Amino acid sequence: MSKLSLEELASLDVLQAAYISALDGKAMKAWLDTFDDDPDASYICTARNDVECGLKVAMMLDDCRDRLIDRCTFIEDIWAGTFQDYRTRHFSQRVTAERREDGSVAMSSNFSVIFTPDDTGLPQQLATGTYEDIIRMDGGRCRFLSRTAVTDNSVLPRYLVFPL
Amino acid sequence: MTGQEAYQRDIVWPANYNEIPKEIFVRQDLYQAEINRIFRGPEWHPVAHESEVPLPGDFKTCNLADVPLLIIRGEDGKVRAFYNACSHRSNQIEVKPSGNRTEFECPYHRWLFNSAGELVGCPNQREFTPGFDKKDYPLAQPRQESLGGLLFVTLSPETDSLDDFLQEAKTSLMDIMGGDGRLRLIGYHRVRYLTNWKAYSDNDGYHPPLLHQAFTMLNWQGGAGRQYATTGRGHYCIDTELTVPKPTSVIRDTSVIEFRDEGRPKRSSVLALFPMLVASNYLNVISIRFATPVAIDEVEVNYAYFAHQDDDEEMVRHRIRQSSNAIGPSGLISMEDASVFHRVHIGNRTPGKAVFQKGVTDPSRLSFEFRQNDESGNLPHWEYYRAAMGFRRTAA
Ligand code: FES
Ligand SMILES: [Fe+2]
């Protein structure tokens, strides 16, 4: 593990911002673009309680790039018109970031997601927790090899349509 | 009329079996009566599968409506349900959702219980009432029985045996649990739905293919099979030959809808037990959905997912990947159900009746056999509910 330069830290924040604006703007293609092209690139959304108990079933287990692409298909095509739509605001704060032996970066951030359902108009907390990421840095560009959203919620206040 | 409740007087129950007054979903005094007559009444409620607490000292806490429960596997290997309340002054015993302990200490006056719920220590005993004996103060237990490792409790002394409660749903339940109930827990989805408990249970087991675009997009047809409701409580089972969608280019990772041979008949089964349990064995997903009302307009559903003890590691991995993404509150083929629970509840705040149509050949009679996707399969449980709550059906 080694320290990152200010410039490298800034490029991580650019990635965070791209991720947030993709989800808050419901732009699934842009969300997908925050992940590396590696066929093993993954997104997992799971509850901390289950992680601590060694339980592997996740709320979303997109453990390969094909599943990341399918996630976009579920939302944009298969589920279109069936769910109660909602808007999110993601707030995330980098807490640690270190370079690993293989050159990738391990980053941990806190997150909080507020959602406003179209039908009630009332903002509510959807989830809070941490992102545990492995990031590939390629020149100035960063993308997720893996992002795991670990929720402190053991119970979600409603069903999830979009990734956290 | 003596002893008639206000809700029984005010709500007119229609003569036709396929009509349900919507007021029953939103009326607060009726909700309280349901807690007493159904959730604390003569019904069996599944609270845990033994595989959720595999080792001695493993525990989980849960609620049956407003009643807190603590499920522990004892040192003797036996799984027991207790009320989650100290036998002294009723302080809540365990606060964590799950974990492992050899002993359970109540922090208030330090009474100590073993994993079989026996009181094994309490300070200052000499000052207690004359004749005080620890043996008289174990953690209290509701009545309980289990089937295939699935533990049911009832809070009423009047409840029939579990066998009589289940009737032929017993066989369907065992089939869903891999035939022998030798399961291995692989995880959970826990979620709240903003809906009345009856709207949840009326719409979870029953699966209209028109709602699920995944079925259409993946060109997925239903197969032949048997659908029935029990005569006692209207538990209903939808059992069909499992069909697997034709090769598709709509999704790239088809493992999410792939059926791998697990040495059982290729079937897809969904069972809904009165009042709230849904269990299903679908593709390679074995799921038991423990559900409970939280308030008149809110339920909590704990989808528990299982592998079978005879699975090899590859099969366990497949089940984990499929359970995560296929079924459940964000699942490819079930997310829309969640949306329907919410929207039906909002609609139920309007006056009038909900009317069941598909498969209803004669609204003046109940039938216990139906076809897949018929709405008529839900009617026997509604009739049981009506009688349990003491509503009188309008004369035809
Ligand atoms: S209430 Fe538990 S020890 Fe007194
Ligand atoms: Fe469904």
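Note that the coordinates shown come from a computational prediction; the quantities given were computed from them, not determined experimentally.

It is worth spelling out the pairing of strand β5 (residues 79–83) of chain B at this point. Residue and element names in this part refer to chain B. In terms of burial, β5 is a largely internal element, 4 of the 5 residues being buried. Sheet analysis places strand β4 (residues 67–73) next to β5, joined by 5 bridges and oriented antiparallel. In the sheet register, Leu69 faces β5, and the bridge partner there is Tyr83. In this structure, the hairpin formed by β4 and β5 is closed by a connection of 5 residues, where Gly77 is found at a positive phi of approximately 85°.

Another point: the environment of Leu23 of chain A. Residue and element names in this part refer to chain A. Examined against the element boundaries, Leu23 turns out to sit in helix α1 (residues 6–24). Between the alpha carbons of Leu23 and Phe162 there is a distance of 7.5 Å; along the sequence they are 139 residues apart. Those residues in contact with Leu23, other than ones at most four positions away along the chain, are Trp31, Thr88, His90, Pro163 and Leu164.

All right, on to the packing of aromatic side chains then. Within a pair of aromatic rings, the relevant descriptors are the distance that separates the centres and the angle that separates the planes. By the definition in use, this model includes 28 aromatic pairs over all chains. Each member of the aromatic cluster is reached from another via a ring pair, and the members are Tyr7, Trp13, Phe25, Phe39, Trp197, Trp382, Tyr385 and Phe391 of chain B. The ring of Tyr19 of chain A carries the charged tip of Arg147 of chain A above its face, separated from the ring centre by 4.4 Å.

All names here are of chain A. Pairing of strand β3 (residues 86–99) with strand β4 (residues 105–117), which is carried by 13 bridges, proceeds in the antiparallel orientation. Each residue of the ladder has a partner; that of Tyr86, found in β4, is Pro117. The loop that links β3 with its antiparallel partner β4 comprises 5 residues; one of these, Gly103, has a positive phi angle of about 95°.

This part covers helix α4 (residues 65–78) of chain A. Residues and elements named next belong to chain A. Between the first and last C-alpha of α4 there are 18 Å, a value that for 14 residues agrees with the 20 Å anticipated at 1.5 Å per step. The element α4 is largely enclosed, with a buried count of 11 among its 14 residues. Burial in α4 covers these residues: Arg65, Arg67, Leu68, Ile69, Asp70, Arg71, Cys72, Thr73, Phe74, Ile75 and Ile78.

Moving on, we get to the pattern of salt bridges. Under the defined criterion, the tally for this structure stands at 46 salt bridges over all chains. Taking the shortest distance from any N to any O, the salt bridge between Arg99 of chain A and Glu8 of chain A comes out at 3.0 Å. Highlighted residues: Arg99 of chain A in strand β3 and Glu8 of chain A in helix α1, separated in sequence by 91 residues. Arg100 of chain A is the salt-bridge partner of Asp102 of chain A, the closest N and O atoms lying 3.4 Å from each other. A relative accessible area of 31% means that Arg100 of chain A is categorised as partly exposed. One continuous salt-bridge network, built from bridges that share partners, spans Asp63 and Arg67 of chain A together with Asp253 and Arg321 of chain B.

The predicted model of chain B has a mean per-residue pLDDT of 93, with 96% of residues at 70 or higher. If you check the scores for this complex, the pTM reads 0.96 and the ipTM reads 0.97.

Here we come to the side chain of Ser255 of chain B. Within the fold, Ser255 of chain B resides in the loop between β14 (236–241) and β15 (267–273). Polar side-chain contacts of Ser255 of chain B include one of 3.0 Å to the side chain of Arg321 of chain B.

With that settled, the discussion passes to the interface of chain A and chain B. A common way to state how big an interface is: give the accessible area lost once the parts meet. Each partner contributes to the interface: chain A provides 36 residues, whereas chain B provides 41 residues. Overall, the association of chain A and chain B removes approximately 3300 Å² of surface from exposure, summing both partners, and the carbon and sulfur fraction of that is 57%. Looking only at chain A, the three residues that lose the most surface to chain B are Val57, Arg67 and Ile78 of chain A, adding up to 20% of its buried area. Run the count over chain A and chain B and you get 4 salt bridges. The salt bridge involving Arg190 of chain B is made with Asp50 of chain A; its shortest N-O contact spans 3.7 Å. For the side of chain A that touches chain B, the element with the highest residue contribution is α4 of chain A, accounting for 9 residues. When the residues that make up the side of chain A that touches chain B are grouped by side-chain class, the tally is 20 nonpolar, 5 polar and 11 charged.

Once that is clear, we can look at the packing of helix α5 (residues 197–204) of chain B against helix α9 (residues 379–388) of chain B. Residues and elements named next belong to chain B. Interaxial distance between α5 and α9 falls to 11 Å at its minimum, and their mutual angle equals 155°. As the angle between them shows, α5 and α9 are arranged roughly antiparallel. Judged by the sense of rotation from one axis to the other, the crossing of α5 with α9 is right-handed. Residues Trp197, Lys198, Ser201 and Asp202 of α5 pack against His381, Trp382 and Tyr385 of α9. In terms of residue class, the contact of α5 with α9 is built from 3 nonpolar, 2 polar and 2 charged.

Let us now look at the sheet that holds strand β5 (residues 124–138) of chain A. Residues and elements named next belong to chain A. Taken in spatial order, the 6 strands line up as β2-β1-β6-β5-β4-β3 in an open sheet, and their pairing is mixed. Two strands close off the open sheet at either side, each with one partner strand: β2 (60–62) and β3. Strand-to-strand twist in this sheet, taken as the mean axis angle between neighbours without regard to direction, amounts to 25°. Together, β1 (42–47), β3, β4, β5 and β6 (141–151) form the strand contacts of α1, whose direction differs from that of β3 by roughly 160°.

Summarising the element assignment, Leu211 of chain B is placed in the loop between α5 and α6 (213–217). For Leu211 of chain B, a relative accessible area of 19% puts it in the buried group. Sequence separation of Leu211 of chain B and Ser334 of chain B is 123 residues, and the distance between their C-alpha atoms is 9.3 Å. Other than its neighbours up to four places away in sequence, Leu211 of chain B contacts Thr82 of chain A together with Glu336, Asp337 and Val340 of chain B.

Turning our attention to the nonpolar core. Core analysis: the largest hydrophobic core is formed by 122 residues, its most contacted members being Leu12, Trp31, Tyr43 and Leu164 of chain A together with Ile24, Tyr193 and Tyr385 of chain B. What Ile24 of chain B contacts, discounting residues up to four positions off in sequence, is Ile11, Trp13, Leu30, Glu34, Lys198, Trp382, Tyr385 and Phe391 of chain B. Within the second largest apolar cluster, 27 residues are counted, among which are Phe152, Tyr188, Leu271 and Ile288 of chain B.

How each quantity is defined
Residues numbered from 1 in each chain as written. Chains lettered and ligands numbered in written order. Predicted model: local features only at pLDDT ≥ 70, side-chain atom pairs only at ≥ 80, totals over all residues. Heavy atoms only, no water. Buried < 20%, exposed > 50% of the residue type's maximum accessible area, 1.4 Å probe, protein only. Helix = DSSP H or I, 4+ residues; strand = E, 2+ residues; numbered from the N terminus. Pairing = 2+ DSSP bridges. Contact = heavy atoms within 4.5 Å. Phe/Tyr/Trp six-rings, centres within 6.5 Å; stacked < 30°, edge-to-face > 60°. Lys NZ or Arg CZ within 6 Å of the ring centre and 35° of its normal. Expected span 1.5 Å × (residues − 1). Salt bridge = Lys/Arg side-chain N within 4 Å of Asp/Glu carboxyl O. pLDDT = per-residue confidence, 0-100. Polar contact = N/O pair within 3.5 Å; in protein donor to acceptor, adjacent residues only side chain to side chain. Buried area = accessible area lost by both parts, 1.4 Å probe. Nonpolar A, V, L, I, M, F, W, Y, C, P; charged D, E, K, R; others polar. Axes fitted to C-alpha atoms, helices over the stretch in contact; angles between N-to-C directions. Parallel < 35°, antiparallel > 145°, perpendicular 65-115°, else oblique. Left-handed = near helix turned anticlockwise from the far one by under 90°. Core = buried A, V, L, I, M, F, W, Y, C linked by side-chain atoms within 4.5 Å.

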